[in-house]
Amino acid sequence: MSIKHKVIFDTDPGVDDAMALYFALAHPDIEVLGITTTFGNVTVQQATENALYLTRIAGRAIPVAQGVSVPLSKAPGLPPGFIHGDDGLGNLPTRVSVQGQAEACSAAEYIVKMARAYPGEITLVAVAPLGNLGLALRLEPALPQLLKKVVLMAGTINEPGNVSPVAEANVWNDPDAADLVFTAGWNLAMVGLDVTHRVVIPSGFFTQLAAHQQHIATDTLKHAADFYCNFYSAIRPDLGHACYGHDVLAFVYLVAPELFTTAKGRIRVAKEGIANGQTMMDKHGSLFYPQPGWEAEKPETHACLQINAEAAMALIDTTLKGNWLLPALTA
Ligand code: BDR
Ligand code: CA
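Residues numbered from 1 in each chain as written. Chains lettered and ligands numbered in written order. Predicted model: local features only at pLDDT ≥ 70, side-chain atom pairs only at ≥ 80, totals over all residues. Heavy atoms only, no water.

> Any chance you could explain the site of ligand 1 here in plain terms?
Surrounding ligand 1, one finds Asp16, Asp17, Asn41, His84, Val127, Met153, Asn162, Glu168, Ala169, Asn170, His246 and Asp247. Between ligand 1 and Val127, the relevant distance is 2.9 Å, taken from an oxygen atom to a main-chain nitrogen or oxygen of the residue. When residues of the shell around ligand 1 are traced back to their parent elements, those giving at least two are α1 (15-26) and α7 (169-173). For the shell around ligand 1, the residue count by class is 3 nonpolar, 5 polar and 4 charged. (Near = heavy atom within 4 Å. Polar contact = N/O pair within 3.5 Å; in protein donor to acceptor, adjacent residues only side chain to side chain. Helix = DSSP H or I, 4+ residues; strand = E, 2+ residues; numbered from the N terminus. Nonpolar A, V, L, I, M, F, W, Y, C, P; charged D, E, K, R; others polar.)

> Which parts of the structure should I look at to understand the pattern of salt bridges?
One pass over the structure, following the stated rule, counts 12 salt bridges. Taking the shortest distance from any N to any O, the salt bridge between Asp282 and Arg266 comes out at 2.5 Å. Placement of the pair is Asp282 in the loop between β11 (279-281) and β12 (301-307) and Arg266 in the loop between β9 (260-265) and β10 (267-269), with a sequence separation of 16 residues. Overall, Asp282 belongs to the buried group, its relative accessible area being 5%. (Salt bridge = Lys/Arg side-chain N within 4 Å of Asp/Glu carboxyl O. Buried < 20%, exposed > 50% of the residue type's maximum accessible area, 1.4 Å probe, protein only.)

> Looking at this structure, how should I read the nonpolar core?
Side chains of nonpolar character tend, in soluble globular proteins, to be buried together. Counting residues in each nonpolar core, the largest one holds 69 residues, and the members touching the most others are Phe9, Tyr22, Phe251 and Ile316. Residue contributions to this core peak at 10 residues, all from α1. Residues in contact with Phe9, not counting those within four places in the same chain, are Asp17, Ala20, Leu21, Val32, Gly34, Ile35, Thr36, Val125, Val127 and Phe251. Grouped together as the second largest cluster of nonpolar side chains are 36 residues, Val112, Leu146, Trp186 and Met190 included. (Core = buried A, V, L, I, M, F, W, Y, C linked by side-chain atoms within 4.5 Å. Contact = heavy atoms within 4.5 Å.)

> Help me understand the packing of helix α5 (residues 131-139) against helix α8 (residues 175-182), please; the structure alone is not making it clear to me.
What describes two packed helices is the angle between their axes and the distance between those same axes. Between α5 and α8, the least distance of the axes is 8 Å, while the angle of their chain directions is 55°. Comparing the axis directions of α5 and α8 gives the class oblique. With respect to the hand of their crossing, α5 and α8 are arranged in left-handed fashion. Between α5 and α8, the residues in contact are Gly131, Leu133, Gly134, Leu137 and Arg138 and Ala177, Leu180 and Val181, respectively. Broken down by class, the residue content of the contact of α5 with α8 amounts to 5 nonpolar, 2 polar and 1 charged. (Axes fitted to C-alpha atoms, helices over the stretch in contact; angles between N-to-C directions. Parallel < 35°, antiparallel > 145°, perpendicular 65-115°, else oblique. Left-handed = near helix turned anticlockwise from the far one by under 90°.)

> Honestly, the state of the cysteines in this entry has me stumped. Any pointers?
Two cysteines form a disulfide when their sulfur atoms are joined by a covalent bond. Summed over the entire model, instances satisfying the criterion amount to 0 disulfides. The thiol of Cys229 is unpaired, and the distance to the nearest cysteine sulfur, on Cys243, comes to 3.9 Å. (Disulfide = S-S within 2.5 Å.)

> I keep staring at the packing of aromatic side chains and nothing clicks. Help me out?
Each aromatic ring pair is described using two quantities: the centre-to-centre distance and the angle formed by the ring planes. All chains considered together, the criterion is met by 8 aromatic pairs. For the pair Tyr228 and Tyr232, a centre-to-centre distance of 5.1 Å together with 85° between the ring planes defines the contact as edge-to-face. Within this pair, Tyr228 and its partner Tyr232 are both found in helix α11 (residues 216-235), separated by 4 residues, close to a single helical turn. When its relative accessible area of 2% is taken as the criterion, Tyr228 is described as buried. Following the ring pairs from residue to residue traces out a cluster consisting of Phe82, Tyr228, Phe231, Tyr232 and Tyr244. Its end group placed over the ring of Tyr53, Arg95 keeps NZ or CZ at 5.0 Å from the ring centre. (Phe/Tyr/Trp six-rings, centres within 6.5 Å; stacked < 30°, edge-to-face > 60°. Lys NZ or Arg CZ within 6 Å of the ring centre and 35° of its normal.)

> Whenever I open this one, the sheet that holds strand β1 (residues 5-11) confuses me. Can you help?
Sheet strands pair by backbone hydrogen bonding; their relative direction is either parallel or antiparallel. Read from one edge of the open sheet, 8 strands run β3-β2-β1-β4-β5-β6-β12-β9, paired in mixed fashion. The sheet is open, and its two edges are formed by β3 (64-66) and β9, each paired on a single side. Sheet twist, expressed as the average angle between the axes of neighbouring strands with direction ignored, equals 25°. Sheet topology places β9 next to β12; 6 bridges connect them, and they run antiparallel. The partner of Lys264 across the bridge, within β12, is His302. Each of β1 and β2 (30-37) touches α1; the most contacted strand, β2, lies at about 150° to it. Lying on the sheet, α8 is in contact with β5 (149-153), β6 (188-191) and β12; it crosses β6 at an angle near 135°. (Pairing = 2+ DSSP bridges.)

> Explain the pairing of β5 here, please?
Counting buried positions over the 5 residues of β5 gives 4, a clear majority of the element. Alignment of strand β4 (residues 122-126) against β5, held across 4 bridges, turns out to be parallel. Counted as the bridge partner of Thr123 is Lys149 from β5. Relative to β6, β5 runs parallel, the two sharing 4 bridges.

> Can you help me understand the side chain of Glu168 in this one?
Position of Glu168 relative to the elements: it lies in the loop between β5 and α7. We note that Glu168 is buried and unpaired, the nearest opposite charge coming from Lys74 at a distance of 11 Å. Of the polar contacts made by the side chain of Glu168, one reaches the backbone nitrogen of Val171; its length is 3.1 Å. For Glu168, the residues in contact, after removing those within four places along its chain, are Met153, Ala154, Gly155, Thr156, Asn162, Val163, Leu193 and Gly277. (Lys, Arg positive; Asp, Glu negative; His and termini not counted.)

See below:
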């Protein structure tokens, strides 16, 4: 029987990226063909090291291709070590040596190569700033037709932003790339803060997981999640020692879209000024606007606006507690 979703995972691991990766590896309907990395939560070099580390300690020799180190045109900033740790995984006290190294090609080249090799079969799940997708579009303008679909953890429509009152971090980190992605014309879904802020995961969940599945991968995730929950409990004490689900919900949407309510419409990104990184959705759909940029032929996105948070959490729980971990690929 063939696996339902062949995936390339574009990521900046990152604690919630690590959780998303492990959900994807654990879910029987998902096959992660390859991982592409970008700057964001950490430098791109650290993201690549983390992607290699997280896959190898979970026993998977999945290809990792390194991507962009800076935004397409915005001035680069510093990674938020206070959220994910300076190493992106909550400052792990030690790491084992693992096998493998990054691919010789860039992330954008890897995406294009794989899309051409499996036309119409691959879903790109991107949970980080979108420069790799932007560059891949420049390399292969027919990419939207070559990919089956694209699912983003990015943006926000009605929920306040997390890096400004209106902007979500992945979009704000590279607004030019994000606007290219929202106007490229692929089968596109956006899983943004409107739904990721509804799924609050207590640190006790990761403690339970590590006890249930004793393994270096679950210990690593628990350590990283503890650090991440320290950040969230400092800014949102009302949540308890907990974090938002963020990136994992892109995969939850992929395998269980029925848990989400979506709206379809044109989305554009503000690329400068006070609203930099804002994702704006046309909620009317059929009006003529004198403002250029909202022409009727601009592509539409399925934006997730609501989620059955309890069912999503149950799916995350049963998936991660399944029998998916293999012996670590140590060097
Ligand atoms: C997004 O930003 C990053 O910090 C997280 O990994 C997630 O992809 C949430 O806004
Ligand atoms: Ca991320």
